[in-house]
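A closer look at the structure
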Amino acid sequence: MDYLQIEGIKSLNGTIKISGAKNASLPLIAMTILAKNSVNIKNLPNVADIKTLLKLLSNLGAKCDFLEDRVVVDTATLTETKATYDIVKTMRASILVLGPILTRFGHCEVSLPGGCAIGQRPIDLHLKALEQMGAKIKIKAGYVQASAPNGLKGCNIIFDKITVTGTANIVMAAALATGKTTITNAAREPEVVQLCEILNASGVTIEGIGTAILTIYGTSQELINIKEFSIIPDRIEAGTYLCGGAITKSELTLENTKAEHLGAVIAKLEEMGSTFKITKNSITIYPSQVIKPVKIITQEYPGFPTDMQAQFLALATQADGTSIIEERLFENRFMHVSELQRMGAEISLNGNVATVSGKSQLSGADVMATDLRASSALVLAALVSEGTTNIHRIYHLDRGYDSLEQKLKGVGAKITRLKE
Ligand code: UD1
């Protein structure tokens, strides 16, 4: 198993190129199941989750040619419709194949993903919506068994809660359904927007893209022709490196990024004292020498992303004063707190609210990554810690950060990947 060794207290300087968004790539790869042609996807991040989904599609019979930052996926040869436990257990987002396979083949089995480190994460809303579209669903032997022999039918769906992969799954199911599907309380994340835009450009009319009400006009099971496209930049990776600039008080420029996807993140960094220069494809952070405390509540897009909560918690340990961070999306997303405390952070937890008393001088320690974003919080803390930090179990980090140590090394961090 690999671990990361980081020497702290070094300032950074330079430019980091942001990769394509993991969370956009996953539904867009699943979307290829709806295509009659082989689909060329560009700007794909080189991260473990993408390889996991491509492996799942290959196991189902698709042909996936993955070359550095692009992939060509041909699902014409896909005949198997069961996503087995061995893959789904490693990545919950495997559930994204349920909607497309069911709508194309009229049946699908996907292993139930189960809980994960950050909370229960049920898929009840995906299943309820598919049932409304006419699917018969059974849970048997740990699997969701879905069938719709005569195809799915468009209907009105109102999500009880905003769900990102739930919205993506139902949009894809609706794309080949018969008739019109309306989704109310749809997720508005840029990753969902890109999925809708590509489908729309491929002949599936979708109205209300980027709003909470989506209307999808299905093709009655006719497969679609999807032209080559490029994945949007990863806003969470970009936000993480902006926090890297703020915490080390270093000027950093991020290229291949879209500031308009980072509104809430940039607003909070501004409240903490940073200023920015923004161009169409780049963001430069000019950090403040004194970091101000902050109040954050995680919300669905365009609110402050839960996927940036851990990184801001690390940053808040370096603020002069008390910050309050409230997690509203996932019930157990503070696993990084105890590891940060071991590095000297003063954080008290009360339910879903963390109170961070800054500024603490952190010191390097052996710490354990517990989930994807928690891992990047530990990297940020290590960058400003006295001495050496060893971050273990970085397979979590490898799920979603493309070439993290090369990118940080490129701007002057002392970071090495080692074997346990
Ligand atoms: C996606 C992102 C993840 C991000 C999360 C919230 C991907 C691959 N992952 O996860 O990085 O942290 O959005 O922005 O895009 N819920 C239910 N029932 C359901 C579905 C969801 O109760 O059927 C609840 C969840 O437990 C959670 C909330 O709804 O409390 C939002 O979850 P959801 O948006 O579905 O998260 P994911 O799509 O899994």
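Starting from 1, residues in each chain are numbered consecutively following that chain's sequence as written. The predicted origin of the model limits local features to residues at a pLDDT of at least 70 and limits the giving and counting of side-chain atom pairs to 80 or more, whereas totals for whole chains, interfaces and linings rest on all residues. No hydrogens and no water enter the side-chain calculation; it runs on all heavy atoms of the structure.

1. Description of the packing of aromatic side chains
The condition is simple: Each Phe, Tyr or Trp ring (for Trp, its six-membered ring) is paired with any other whose centre lies within 6.5 Å, and the angle between the two planes then decides the class: stacked below 30 degrees, edge-to-face above 60, tilted in between. The classification of residues rests on relative accessible area computed with a 1.4 Å probe and restricted to protein chains. Under 20% of the type maximum is buried, over 50% is exposed, and intermediate values are partly exposed. Geometrically, a charge over a ring is one whose NZ (Lys) or CZ (Arg) sits within 6 Å of the ring centre while staying within 35 degrees of the ring normal.
Applying the stated criterion across every chain yields a total of one aromatic pair. A ring pair is formed by phenylalanine 304 and phenylalanine 312, whose centres lie 5.0 Å apart and whose planes are at 90°; its orientation type is edge-to-face. Take phenylalanine 304 and phenylalanine 312: they sit in the same class, and that class is buried. The residue whose ring lies beneath lysine 82 is tyrosine 143, and the NZ or CZ to ring-centre distance is 4.6 Å.

2. Things to note about the site of the ligand
Here is the rule: Summary of the distance rule: residues count as near a molecule or strand when at least one heavy atom falls within 4 Å of that molecule or strand. Throughout this description, a polar contact denotes any pair of N or O atoms lying within 3.5 Å of each other; where both atoms belong to protein, one of them has to be capable of donating a hydrogen while the other can accept it, and for residues adjacent in sequence the pair is counted only when both atoms sit in side chains. Residue burial considers only the protein chains on display, and all accessible areas are found by Shrake-Rupley using a 1.4 Å probe. In this description a helix means any DSSP run of H or I spanning at least four residues, a strand means any run of E spanning at least two, and both kinds are numbered starting from the N terminus. Under the convention adopted here, Pro, Cys and the residues Ala, Val, Leu, Ile, Met, Phe, Trp and Tyr are nonpolar, Asp, Glu, Lys and Arg are charged, and Gly plus all remaining residues are polar.
Taken together, 18 residues surround the ligand, and among them Asp124, Thr163, Thr165, Asp307 and Leu329 come closest. Between a nitrogen atom of the ligand and a side-chain N or O atom of aspartate 124, the distance comes to 2.7 Å. Taking 740 Å² as the accessible area of the ligand by itself, protein coverage stands at 88%. Those elements that place two or more of their residues in the shell around the ligand are helix 1 (22-31), helix 5 (124-132) and helix 6 (164-175). If one sorts the elements of the shell around the ligand by residue count, helix 5 sits on top with three residues. Here the shell around the ligand is composed, by residue class, of eight nonpolar, five polar and five charged.

3. Looking at the pattern of salt bridges
For clarity, the cut-off: By definition here, a salt bridge exists when the distance from a side-chain nitrogen of Lys or Arg to a carboxyl oxygen of Asp or Glu is within 4 Å.
Taken as a whole and judged by the stated rule, the model has 16 salt bridges. A salt bridge links lysine 36 to glutamate 222, with the nearest nitrogen and oxygen atoms 3.9 Å apart. Of the two residues, lysine 36 is situated in the loop between helix 1 and strand 3 (39-42) and glutamate 222 in the loop between strand 13 (213-217) and strand 14 (229-230); the sequence distance between them amounts to 186 residues. For glutamate 222, a relative accessible area of 51% corresponds to the exposed category. The residue arginine 235 makes a salt bridge to glutamate 191 at a minimum N-O spacing of 2.8 Å.

4. Looking at the packing of helix 8 (residues 235-248) against helix 12 (residues 372-383)
Defined as follows: Here an axis means a line fitted to C-alpha atoms, over the contact stretch when the element is a helix, while the angle between two N-to-C directions is reported on a 0 to 180 degree scale. Angle categories are assigned with fixed cut-offs, so that under 35 degrees is roughly parallel, over 145 is roughly antiparallel, 65 to 115 is roughly perpendicular, and the rest are oblique. Whether a crossing is left-handed or right-handed is set by the direction in which the near helix is turned from the far one by less than a right angle, anticlockwise for left-handed and clockwise for right-handed. Any two residues whose heavy atoms approach within 4.5 Å at even a single point are treated as in contact.
It is the contact of helix 8 with helix 12, at a shortest axis distance of 9 Å, that shows an interaxial angle of 20°. Relative to helix 12, helix 8 is oriented roughly parallel. Crossing handedness for the pair helix 8 and helix 12: right-handed. For the pair helix 8 and helix 12, contact is made by Ile236, Thr240, Cys243, Gly244, Ile247 and Thr248 and by Arg373, Ser376, Leu380 and Leu383, respectively. Class assignment for the residues of the contact of helix 8 with helix 12 results in five nonpolar, four polar and one charged.

5. Here we look at the side chain of glutamate 405
Here glutamate 405 is to be found in helix 14 (residues 404-410). Leave out the neighbours within four places in its chain, and glutamate 405 touches Leu4, Ile415 and Arg417.

6. What about the pairing of strand 19 (residues 322-326)?
Counted only if it meets this: One bridge is not enough; two strands pair if DSSP finds at least two bridges between them. Here is how to tell: hold the view so the strands point away, follow the path from the first strand over the helix to the second, and if it runs clockwise the crossover is right-handed.
Of the pairings in the sheet, the one linking strand 18 (residues 295-297) to strand 19 comprises three bridges and is parallel in character. Within the sheet, the bridge partner assigned to lysine 295 lies in strand 19 and is isoleucine 324. What joins strand 18 to strand 19 is helix 10 (residues 309-316), and the crossover it makes is right-handed. Where strand 19 and strand 21 (residues 353-357) come together, five bridges link them in antiparallel fashion. Bridging from a neighbouring strand, isoleucine 324 pairs with threonine 355 of strand 21.

7. Side note on helix 5
Every buried residue of helix 5 is listed here: Leu125, His126, Leu127, Ala129 and Leu130. Its buried side turned inward, helix 5 meets helix 4 (98-105), strand 8 (136-140), strand 9 (143-147), strand 10 (156-158) and helix 6. Just past helix 5, the residue glycine 134 takes up positive phi, approximately 105°.

8. A word on the side chain of arginine 235
For arginine 235, the location among the structural elements is in helix 8. Within the structure, the side chain of arginine 235 is placed 2.8 Å from the side chain of glutamate 191, a separation counted as a polar contact. Not counting residues within four places of it along the chain, the set of residues in contact with arginine 235 comprises Glu189, Pro190, Glu191, His261, Leu262, Tyr301 and Pro305.

9. Some thoughts on the environment of lysine 63
Along the chain, lysine 63 turns up in strand 4 (residues 63-67). Judged by relative accessible area, lysine 63 falls into the partly exposed class, the value being 48%. For the pair lysine 63 and aspartate 74, spaced 11 residues apart in sequence, the C-alpha to C-alpha distance is 5.1 Å. Sequence-distant contacts of lysine 63, defined by excluding residues within four places in its chain, comprise Val72, Val73, Asp74 and Thr77.

10. Structural notes on the environment of isoleucine 6
Of note, isoleucine 6 is situated in strand 1 (residues 2-7). Sequence separation between isoleucine 6 and serine 385 is 379 residues, and the spatial gap between their C-alpha atoms is 9.1 Å. Contacts of isoleucine 6, omitting those with residues within four sequence positions, involve Val379, Ala382, Leu383, Gly387, Thr388, Thr389, Ile391, Lys414 and Ile415.

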